[in-house]
Amino acid sequence: MKAWIAALSLAFCAVPSLPGAAGTDADDDPGDGVRQSGLSNRQQKAVGIVVARPIATKTLERADALGLVLDATALLSDVGASASAAAAEHSASAELSRLRALFNAGAGASQKMVEAALAEQTKARAEAQLSMARLDLHWGPLMALPLGPRQKVLDAAISGHGLLVRADLPGRHSLGALPRKALLDVDGIEVSGRILGTLRQSSELQGVGLLLEIQNAPAGLGPGARVPVTLLMAQREGLLIPREAILYDEHGAYVYKQLTSKAGEQQTRYVAVKVQLLAADGDGWLVNGVDDDDDIVVRGAGVLWSLQGVGVNAPDDDD
């Protein structure tokens, strides 16, 4: 047993470097800059490694979502709270600087007054950071817009000339690329919406949410209304791979690719390759970043990932 663990340790002591492996082709040597992992035939069978080639395909996705017209006063409240907290922090910082200058000059400020001002400034800064984080959590795609377009959307939403809608896709927690268009069904009338981006906070529907802007909405459609939404994706071309093949870390999505064995090699080599998720398709994902002649690990990728840490510590005799 100890020998078996030691063999796996040696095979996986080098973790694949994702950025360096991104452009590697299966028919080429990835070079010294890309750290690889290798397994013997026996080890591959033991961990259940299965490889297959991706399938080139096209998809035109339509996703049904549930839209909720948001209350613009909640947006106004969050924006106002953030502006107020920022002003309070600025005032507290200015007062702290003033008292410190007086204390250093020995002119009418005590150490206790400086410490009290420092406490107030710290509190004001924490409240400003909290209000900014809340604003980003609730209205992230809107706040990511440049100042001019953002203010235009804010003014329209607050004045009632425009609406902000949250569109939820129940049961889905990732979307890939953003849809190209959103259509709201308002009493049988299709109303076009502009997609601002993906929201960070989930709703009670437990699905990924999008923030939409509706200009010149039909009269009577207001905050609290729930309407069906259809999300239209552009036709996408890519390679279809099973969901089980895809792993995710701080660099993004990636898969394991089996490299072509050289003459005399006793091990099969694997390298991690970054992929771009385009759209979910049944039990798989349409991706970019690999070729249709690549041998992708479609079963056992999770085992490869879990074995990367083996070898950091030497096994004990009792293991």
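Residues numbered from 1 in each chain as written. Predicted model: local features only at pLDDT ≥ 70, side-chain atom pairs only at ≥ 80, totals over all residues. Heavy atoms only, no water.

**Some remarks on the pairing of strand β16 (residues 295-299)**
Side-chain direction in a regular strand flips from residue to residue, so the side chains alternate between the two faces of the sheet.
Phase 1 of the analysis: Relative to β16, strand β2 (residues 50-52) runs antiparallel, the two being bridged by three bridges. By the bridge assignment, valine 51 is partnered in β16 with valine 297.
Phase 2 of the analysis: Pairing between strand β12 (residues 252-258) and β16: two bridges, direction antiparallel. Pairing of lysine 257 across the sheet is with isoleucine 296, part of β16. (Pairing = 2+ DSSP bridges. Helix = DSSP H or I, 4+ residues; strand = E, 2+ residues; numbered from the N terminus.)

**Brief notes about the layout of surface pockets**
Phase 1 of the analysis: The volume enclosed by the largest pocket comes to roughly 280 Å³.
Phase 2 of the analysis: In terms of lining residues, the largest pocket is bounded by 17 residues, among which Leu68, Leu70, His138, Arg166 and Gln201 are the most central.
Phase 3 of the analysis: Secondary structure elements with two or more residues in the lining of the largest pocket: α4 (72-105), α5 (111-143) and β5 (162-170).
Phase 4 of the analysis: Partitioned by chemical class, the residues of the lining of the largest pocket number seven nonpolar, four polar and six charged. (1 Å grid on protein atoms, 1.4 Å probe; cavity = no way out; pocket = protein on both sides within 12 Å on 5 of 7 lines; lining within 4 Å. Points joined across faces, edges and corners; volume = space filled by probe spheres on them. Nonpolar A, V, L, I, M, F, W, Y, C, P; charged D, E, K, R; others polar.)

**A word on the side chain of aspartate 168**
Phase 1 of the analysis: Secondary-structure assignment places aspartate 168 in strand β5.
Phase 2 of the analysis: At 3.0 Å, the side chain of aspartate 168 forms a polar contact with the side chain of arginine 166. (Polar contact = N/O pair within 3.5 Å; in protein donor to acceptor, adjacent residues only side chain to side chain.)

**Quick notes on helix α6 (residues 147-159)**
Phase 1 of the analysis: Compared with the 18 Å implied by 1.5 Å per residue over 13 residues, the 18 Å span of α6 between its first and last C-alpha is a close match.
Phase 2 of the analysis: The complete set of buried residues in α6 reads Val153, Leu154, Ala156 and Ala157. End-on view of α6: buried residues confined to an arc of 165°, all on one side of the axis. Opposite the buried face of α6, by more than 90 degrees, sit the exposed residues Leu147 and Lys152.
Phase 3 of the analysis: At its buried positions, α6 is contacted by α4, α5, β5, β7 (189-199) and β8 (207-215). (Expected span 1.5 Å × (residues − 1). Buried < 20%, exposed > 50% of the residue type's maximum accessible area, 1.4 Å probe, protein only. Arc of directions from axis to C-beta. Contact = heavy atoms within 4.5 Å.)

**Examining the environment of proline 54**
Phase 1 of the analysis: Residue placement: proline 54 occurs in the loop between β2 and β3 (55-59).
Phase 2 of the analysis: Given a relative accessible area of 7%, proline 54 falls into the buried group.
Phase 3 of the analysis: Distance in space between the C-alpha atoms of proline 54 and proline 242 is 8.6 Å, their sequence separation being 188 residues.
Phase 4 of the analysis: The residues touching proline 54, leaving out its near neighbours within four places in the chain, are Leu239, Leu240, Ile241, Val290, Asp291, Asp292, Asp294 and Ile296.

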